[in-house]
Amino acid sequence: MTRSLDRLIRPKSIAVFGGKEARRVIEQCDKMGFTGDIWPVHPKQGEILGRRCYRSVAELPAAPDASFVGVNRQLTIDIIRDLSARGAGGAICYASGFREAVSELADGNDLQEALVTAASDMPIVGPNCYGFINALDGALLWPDQHGMQRVERGVAVLTQSSNIACNISMQMRGLPLAYIMTAGNQAQTGLSELAIAALEDPRVTAVGLHIEGFDSIEALQRLAMRARELKKPVVTLKVGKSEAAQLATVSHTASLAGNDAVSGAVLERLGIGRVDTLPELLETLKLLHLHPPLKSFDISSMSCSGGEASLMADAGVKRKTVFRALKAEQRLPLRESLGEMVTIANPLDYHTFVWGNLEKQTTAFTAMMKGDYALNLIVLDFPRQDRCDAADWNTTCEAVIASAKATGAVAGIVASLGENMPEETALSLMASGVVAFSGIDEALAAAEISAGIGEIWAKPAPAPLLSAGAEEGEIITISENEAKAELAAFGLVVPIGKTAATADEAADAAESLGFPVVLKGLGVAHKTEAGAVKLNLGDRQSVLEAAGAMKTVASGYLVEKMIAKPVAEIIAGALRDPVAGLVLTIGAGGILVELLEDSAILTLPTTREAIGEAISGLKIRKLLNGYRGGPAGDVAALITAVAAVASYVAANASKLEELDINPIMVLPQGSGTVAADALIRRRK
């Protein structure tokens with residue numbers, strides 16, 4: 001267990017090791033006004049930028065709080081060992097050539113292990129890492145230019161990529177950046193641990209993460225829990241949507257759940273917002289910097305153009321955000337302030353009748369903000385400051401600020417084009433408590449994510465995820481009848497059936513069960529494709545013929561009572577994600593699995609409520625509700641069936657590798673469900 005990161009990221013003394021990179025660190029600290037001690041360490045130089053150079057860690061006046069180690073990879077290990085022994089607070093390891101370069105350097109893994117060993121319990125960040133910028137205290141372990149300035153409070157943004165960190169530091173959107181941190185290849189300290197350390201700073205309002213790969217699911221859960229406790233939201237841009245699933249599986253379940261889908265489910269469970277782009281990340285952080293997570297998805301929009309109102313309405317179609325209708329008491333004050341020619345609606349085009357009129361605009365905006373919307377947006381693209389006069393636009397800003405203060409509502413001004421939000425205007429709006437959004441899509445994404453975090457936080461904190469670990473041993477596939485028997489013990493309803501070794505025994509079993517029956521070949525994973533399943537067999541001869549046709553692929557037979565025609569067929573399965581452990585997948589089943597790609601991921605353990613919400617979000621829910629006069633399905637029984645599967649998975653978590661139940665036949669309301677097929681792969 002490493003020590004606290006406080007000394008490292010909020011240092012009072014900094015040691016720098018190396019040549020030009022170390023010199024740049026000192027330059028950046030001086031430029032930002034760092035008031036602590038800076039101690040250059042160099043074997044030959046006498047001074048750097050007016051500061052005495054020390055020859056080694058041992059010569060330093062004291063154990064430094066933070067160290068930037070910008071030397072070659074071999075020497076890095078020696079310096080880290082000396083710093084740890086001296087009791088230093090932590091270090092940034094700038095050098096590359098460790099595990100991230102193992103394909104080019106055969107000793108990369110060995111050197112990384114040596115580095116971690118040398119650090120012992122002293123925190124290190126990297127290697128292959130630029131370091132961090134602390135704009136609250138002016139402390140930079142950062143060997144390059146950046147676009148940040150001192151702030152009193154703001155958000156922290158963390159990434160594995162040094163170049164993306166540089167890019168974010170250059171933003172001109174009015175977002176106050178308190179910290180920029182990079183993690184490199186996370187040899188010892190991961191993004192989640194750094195994010196927790198940033199959250200603990202009372203001057204930090206929210207955290208944004210750019211994640212290439214989760215460092216530790218346990219650390220991510222600790223981060224989410226601490227964020228909830230401190231009421232400081234976390235938002236992430238998780239890359240990797242184009243990744244193919246990494247597990248070699250034989251079930252339909254595997255075709256529904258790739259690593260990215262699992263990542264999304266984990267983040268949603270933990271109440272960590274997820275964005276799709278860097279602009280969305282920054283705009284969402286603006287909203288969360290000024291205001292706690294939104295209380296609902298209801299938003300309002302006003303603009304002086306029907307075109308802008310249409311853009312806003314269309315952008316909302318793909319979002320959970322809702323342009324809720326106006327309340328009756330809002331209509332009269334809006335009509336009185338805007339005139340008879342304005343259509344009173346949401347989104348609202350207030351035309352230009354009140355343009356430049358501070359009093360009437362304030363009255364109109366106030367009436368809209370009294371509608372109890374979670375967020376109130378005013379679309380306003382600003383003119384070029386080098387060629388135009390923005391006086392009337394500034395009047396609109398004043399009206400929005402006044403209305404927000406008078407009502408206590410959350411308000412934002414949205415430039416439909418990002419470049420039409422001047423940085424000076426954005427800074428002024430943010431200082432007045434009004435969110436300065438650059439881009440309509442980005443503003444709605446921010447609203448959706450903020451409300452989503454609020455929705456999750458309103459529920460009890462989730463239980464810890466099932467452990468990702470699995471026992472060793474050969475993976476085997478058990479027979480269908482064994483799989484069904486095990487699942488039935490947990491409450492899953494399965495058909496009445498019997499096994500048989502020969503065709504005659506199968507026919508005998510069919511007669512004892514009563515026709516019609518289903519005949520299946522045992523030992524076949526994908527029975528339909530292999531011709532190893534025959535439905536609705538109505539007499540002994542049909543069973544004999546069907547058994548004969550599949551004897552070349554089957555090791556035996558399973559005879560089951562034919563299930564009545566279902567309302568819908570559902571798949572439920574589980575597979576082991578390398579990071580998140582076992583996860584549950586439900587979706588449209590039968591032959592529609594890959595065709596519809598209609599599925600949802602449930603992280604484990606789960607609840608009946610979560611299962612119900614997942615089912616409600618499926619496209620096939622229309623069938624379950626009774627499509628075009630058809631019968632409604634027994635959704636309550638389906639929830640019970642999926643809960644039984646989840647209980648089985650949790651009880652067998654250490655051995656189970658893969659589970660596939662396809663289909664669960666959902667019968668008409670009040671008639672229950674029946675699991676028609678089941679595949680289980682587990683450690684021997």
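First, a word on what this report is: a plain description of the structure on this page. (Residues numbered from 1 in each chain as written. Predicted model: local features only at pLDDT ≥ 70, side-chain atom pairs only at ≥ 80, totals over all residues. Heavy atoms only, no water.)

## Overview of the sheet that holds strand β19 (residues 435-438)
Rules: Think of it this way: DSSP has to see at least two bridges between two strands before they count as a pair. What counts as a helix is a DSSP run of H or I of at least four residues, what counts as a strand is a run of E of at least two, and both are numbered from the N terminus. Only heavy atoms enter the contact rule, under which two residues are in contact if any of them lie within 4.5 Å. Working convention: axes come from line fits to C-alpha atoms, limited for helices to the stretch in contact. Angles between N-to-C directions cover 0 to 180 degrees.
Spatially, the five strands line up as an open sheet ordered β16-β15-β17-β18-β19, and their pairing is parallel. Where the open sheet ends on each side, the last strands, each with one partner, are β16 (348-349) and β19. In this structure, strand β17 (residues 375-379) lies alongside strand β18 (residues 411-415), joined through four bridges in parallel fashion. Its bridge partner lying in β18, Leu377 is registered against Gly412. On the sheet, helix α10 (residues 278-290) packs against β17 and β19 and is oriented at approximately 175° with respect to β19. Against the sheet, helix α13 (residues 358-369) contacts β15 (299-303), β16, β17 and β18, and its axis sits at roughly 160° relative to β15.

## Description of the nonpolar core
The test is simple: Within this scheme, the nonpolar core is defined by two criteria: the residues are buried Ala, Val, Leu, Ile, Met, Phe, Trp, Tyr or Cys, and they are joined through side-chain atoms within 4.5 Å. Think of it in three bands: residues with accessible area under 20% of the maximum for their type are buried, residues over 50% are exposed, and the middle band is partly exposed, with areas taken using a 1.4 Å probe on protein chains only.
Counting 85 residues, the largest nonpolar core has Leu158, Tyr179, Ile180, Val207 and Leu220 as the members making the most contacts within it. By size, the runner-up hydrophobic cluster in this structure holds 54 residues, among which are Met312, Val379, Phe382 and Ala404.

## Focus on the environment of Arg274
Applied cut-off: As used in this structure description, the phrase polar contact means that two N or O atoms lie within 3.5 Å; if the pair is within protein, one of them must be able to donate a hydrogen and the other to accept it, and residues adjacent in sequence are counted only when both atoms belong to side chains.
By secondary structure assignment, the location of Arg274 is in strand β14 (residues 273-275). Between the alpha carbons of Arg274 and Leu535 there is a distance of 45 Å; along the sequence they are 261 residues apart. Of note is the side chain of Arg274, whose polar atom sits 3.0 Å from the backbone oxygen of Lys238. For Arg274, the side chain forms a polar contact with the side chain of Asp260, separated by 2.5 Å.

## Some words on the sheet that holds strand β22 (residues 517-521)
Spatially, the four strands line up as an open sheet ordered β21-β24-β22-β23, and their pairing is antiparallel. In this open sheet, the two edge strands, each paired with only one partner strand, are β21 (497-500) and β23 (533-537). On average, each strand axis in the sheet is inclined to that of its neighbour by 20°, with strand direction left out of account. Inspection of the sheet shows β22 paired to strand β24 (residues 557-561) by five bridges, in the antiparallel sense. When the bridges of β24 are listed, Leu519 appears paired with Val559. Sheet strands touched by helix α17 (residues 480-488): β21, β22 and β24. Its angle to β24, the strand with the most contacts, is close to 45°. Strands β21, β22 and β24 of the sheet are contacted by helix α18 (residues 503-513), whose axis makes an angle of about 15° with β24.

## Considerations on helix α4 (residues 108-119)
Convention followed: Multiply 1.5 Å by the residue count of a helix minus one, and that product is the helix's expected span. What the arc covers is the set of directions going from the helix axis to the C-beta atoms.
With twelve residues, α4 extends 17 Å from end C-alpha to end C-alpha; this agrees with the ideal 16 Å at 1.5 Å per step. By the burial criterion, the buried members of α4 are Gly108, Leu111, Gln112, Leu115, Ala118 and Ala119. Angularly, the buried residues of α4 cover 125° about the axis, an arc narrow enough to put them on a single face. Those residues of α4 that are exposed and aimed more than 90 degrees away from the buried face are Asp110 and Thr117. The inward-facing, buried residues of α4 contact α3 (73-86), β6 (91-93) and β7 (124-125). Looking one or two residues beyond α4, the residue adopting positive phi is Ser120, at roughly 55°.

## Quick word on the packing of aromatic side chains
Rules: Classification of ring pairs rests on two measures: the distance between centres of Phe, Tyr or Trp rings, Trp counted by its six-membered ring, which must be within 6.5 Å, and the angle between planes, read as stacked under 30 degrees, edge-to-face over 60 and tilted in between. Two conditions define a charge sitting above a ring: the NZ of Lys or the CZ of Arg must be within 6 Å of the ring centre, and it must be within 35 degrees of the ring normal.
Tallying each qualifying case throughout the model produces six aromatic pairs. Seen in terms of ring centroids, Tyr130 and Trp142 are 5.1 Å apart; in terms of plane orientation they differ by 85°. Their pairing is edge-to-face. Taken together, the residues Tyr130 in the loop between β7 and β8 (132-134) and Trp142 in the loop between β9 (139-141) and β10 (154-159) connect sequence positions twelve residues apart. Judged by centre distance (5.4 Å) and plane angle (90°), the ring pair of Phe490 and Tyr648 falls under edge-to-face. You can see Phe490 sitting in the loop between α17 and β21 and its partner Tyr648 sitting in helix α24 (residues 635-651), a full 158 residues away along the chain. Taken together, the aromatic side chains of Phe68, Tyr94, Tyr130 and Trp142 make up a single cluster linked through ring pairs. Sitting over the face of the ring of Phe214, Lys238 holds its NZ or CZ atom 5.7 Å from the ring centroid. In this structure, Arg324 is placed above the aromatic ring of Tyr373, and the distance from its NZ or CZ to the ring centre is 4.1 Å.

## Concerning the pattern of salt bridges
Close approach of charged atoms allows side chains of opposite charge to pair. Condition: By convention in these notes, a salt bridge is any Lys or Arg side-chain nitrogen within 4 Å of a carboxyl oxygen on Asp or Glu.
Under the definition given, this model contains 32 salt bridges. For the salt bridge of Glu560 with Lys484, the shortest nitrogen-to-oxygen distance reads 2.5 Å. Here Lys484 lies in helix α17 and Glu560 lies in strand β24, a separation of 76 residues in the sequence. Each member of the pair, Glu560 as well as Lys484, is classed as buried. Residues Glu658 and Arg681 are paired through a salt bridge, measuring 2.6 Å at the closest nitrogen-oxygen approach. With Glu658 in strand β28 (residues 656-666) and Arg681 in strand β30 (residues 679-683), this pair connects stretches of sequence that are 23 residues apart. As far as the burial class goes, Glu658 and Arg681 line up, both buried. Salt bridges linked by common partners bring Asp6, Arg10, Asp137, Asp201 and Arg203 together as one network.

## Focus on the environment of Arg628
Secondary-structure assignment places Arg628 in the loop between α23 (621-624) and α24. For Arg628, a relative accessible area of 76% gives the class exposed. Taking C-alpha positions, Arg628 is 63 Å from Gly97, a pair spaced 531 residues apart along the chain.

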